[in-house]
Amino acid sequence: MPPLRTLLILGRVSNLPTVWSNCLAAWLVADGGPWWRFLVMTFGATLLYIGGMFLNDAFDEDFDRLHRRNRPIPNGEIKASTVWSLGLGLMAVGYLSVSFLGSDTALLGAFLVVAILLYNWLHKMVAASPVLMAACRFFLFLMAASATRFGINGLALWGAFVLACYIVGLSYVARRESLPGALSLWPLAFLAAPVILCLLVNDGSYRSSAAVLVAGFVAWTAYPLSYLFRSSDRNIGYCVSGLLAGIALTDALVVGWDPGMTPVFLVLFGLALVFQRSVPAT
């Protein structure tokens, strides 16, 4: 068995708090239900994410041997066959876990599995790979919402959509880490989608609280983005890591101000940043 750190790096576990925040946000906007169902959903989503990340390295083996020799497979820390087996096994257990929660959840879980496999297979070959990555989070959000007491509602659909928009902008930046070419600015506009939803949904007495959330989100998002435009210490990797942690803030905007739950999203955001200090997010 390879060292634990190798498995943590392969699974990119520093991003798990954002998976949990996606599940929590979807659960809250879809009116929730028995918490044991939420725990089963989050457990299955966690395994699907880790398994998908394992398969990402398995699919990228040839590319990594040429361009990213520090990754665990080309570095000789683990065999590619082991990564394939672990990745497929984790995804299978994760899917079986969520499918236990109902036919709608099983169907959306199947869509999520297909999206993960398509992304891992095609993301180095097609320019539309950010859309495929966004589809993964889109179906994750809807899958979690479908497991609630009443299932998917309108706000859950909009929440999944703005989350997907944010991921499109994030993934476009991430592509610049490993692929050549100039960085266009227009895809970054997708990062603003959660702000628009938050301001539209929270009106009246909730508008001031929503403005506080939006201000925090904008302030944080601007910080990692600043590393794209620095002349001396430009750092795309740091930018991507910061935006990944910001997924938890995106979920907070989708839910809106909630004295009981907003601090939970902030804790998950902080956990993502802390975990990134030990395990790379990308």
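That block above? That's the structure.
Q: Could you clarify how one ought to interpret the environment of Met41 in this entry?
A: Its place among the elements puts Met41 in helix H3 (residues 35–59). A relative accessible area of 0% places Met41 in the buried class. When the C-alpha positions of Met41 and Thr105 are compared, they lie 9.2 Å apart, and in sequence the two are 64 residues distant. In contact with Met41, not counting residues within four places along its chain, are Val98, Leu101, Thr105, Met143, Ala144 and Ala147.

Q: Which parts of the structure should I look at to understand helix H2 (residues 16–29)?
A: Each full turn of the α-helix corresponds to 3.6 residues, which orients residues three or four apart in the same direction. The end-to-end C-alpha distance of H2 is 20 Å, a good match for the 20 Å that 14 residues give at a rise of 1.5 Å each. Residues Leu16, Pro17, Thr18, Val19, Ser21, Asn22, Cys23, Leu24, Ala25, Ala26, Trp27 and Val29 constitute the buried set of H2. Trailing H2 by a residue or two, Asp31 shows a phi angle of about 75°, which is positive.

Q: Teacher, can you tell me more about the packing of helix H11 (residues 236–245) against helix H12 (residues 247–255) here?
A: For any two helices packed against each other, one specifies the inter-axial angle together with the distance between the axes. Interaxial distance between H11 and H12 falls to 4 Å at its minimum, and their mutual angle equals 30°. On H12, the residues touching Leu243, Leu244 and Ala245 of H11 are Ile247, Ala248 and Leu249.

Q: Help me out: how do you make sense of the packing of helix H5 (residues 80–99) against helix H6 (residues 103–122) in this one?
A: At a minimum axis separation of 8 Å, H5 and H6 run at an interaxial angle of 155°. One finds that H5 runs roughly antiparallel with respect to H6. As for the relative orientation of H5 and H6, their crossing is right-handed in sense. Every residue of H6 that contacts H5 at Met91, Tyr95, Val98 and Ser99 is listed here: Thr105, Ala106, Gly109, Ala110, Val113 and Ile116. Looking at side-chain class alone, the contact of H5 with H6 contains seven nonpolar, three polar and no charged residues.

Q: What's the story with the nonpolar core in this structure? I'm lost.
A: Nonpolar side chains in soluble globular proteins generally cluster together in the buried interior. With 89 residues, the main nonpolar core has Phe141, Met143 and Tyr166 as its most contacted residues. No other element matches the eleven residues that helix H8 (residues 154–178) contributes to this core. Leaving out residues up to four positions away in the same chain, Met143 has contacts with Met41, Ala45, Leu48, Val98, Thr105, Leu108, Gly109 and Leu112.

Q: Could you clarify how one ought to interpret the pattern of salt bridges in this entry?
A: For side chains of opposite charge, pairing can occur when their charged atoms come near one another. In the structure shown here, the tally under the stated rule is four salt bridges. Linking Arg12 and Asp57 is a salt bridge whose minimum nitrogen-to-oxygen distance equals 3.0 Å. Within this pair, whereas Arg12 is found in the loop between helix H1 (4–11) and H2, its partner Asp57 is found in helix H3, the two being separated by 45 residues in sequence. Across this residue pair, the class does not change: Arg12 and Asp57 are buried. For Arg71, the salt bridge goes to Asp57, with nearest N and O atoms at 3.0 Å. Of this pair, Arg71 sits in the loop between helix H4 (61–67) and H5 while Asp57 sits in helix H3; the two residues are 14 residues apart in sequence, bridging distant segments of the chain. Of the two residues, Arg71 and Asp57, neither departs from the other in class, the shared state being buried. Here the salt bridges share partners, and the residues they tie into one network are Arg12, Asp57 and Arg71.

Definitions and limits used
- Residues numbered from 1 in each chain as written.
- Predicted model: local features only at pLDDT ≥ 70, side-chain atom pairs only at ≥ 80, totals over all residues.
- Heavy atoms only, no water.
- Helix = DSSP H or I, 4+ residues; strand = E, 2+ residues; numbered from the N terminus.
- Buried < 20%, exposed > 50% of the residue type's maximum accessible area, 1.4 Å probe, protein only.
- Contact = heavy atoms within 4.5 Å.
- Expected span 1.5 Å × (residues − 1).
- Axes fitted to C-alpha atoms, helices over the stretch in contact; angles between N-to-C directions.
- Parallel < 35°, antiparallel > 145°, perpendicular 65-115°, else oblique.
- Left-handed = near helix turned anticlockwise from the far one by under 90°.
- Nonpolar A, V, L, I, M, F, W, Y, C, P; charged D, E, K, R; others polar.
- Core = buried A, V, L, I, M, F, W, Y, C linked by side-chain atoms within 4.5 Å.
- Salt bridge = Lys/Arg side-chain N within 4 Å of Asp/Glu carboxyl O.

Fair warning: the whole summary comes from geometry, so function is off the table for now.
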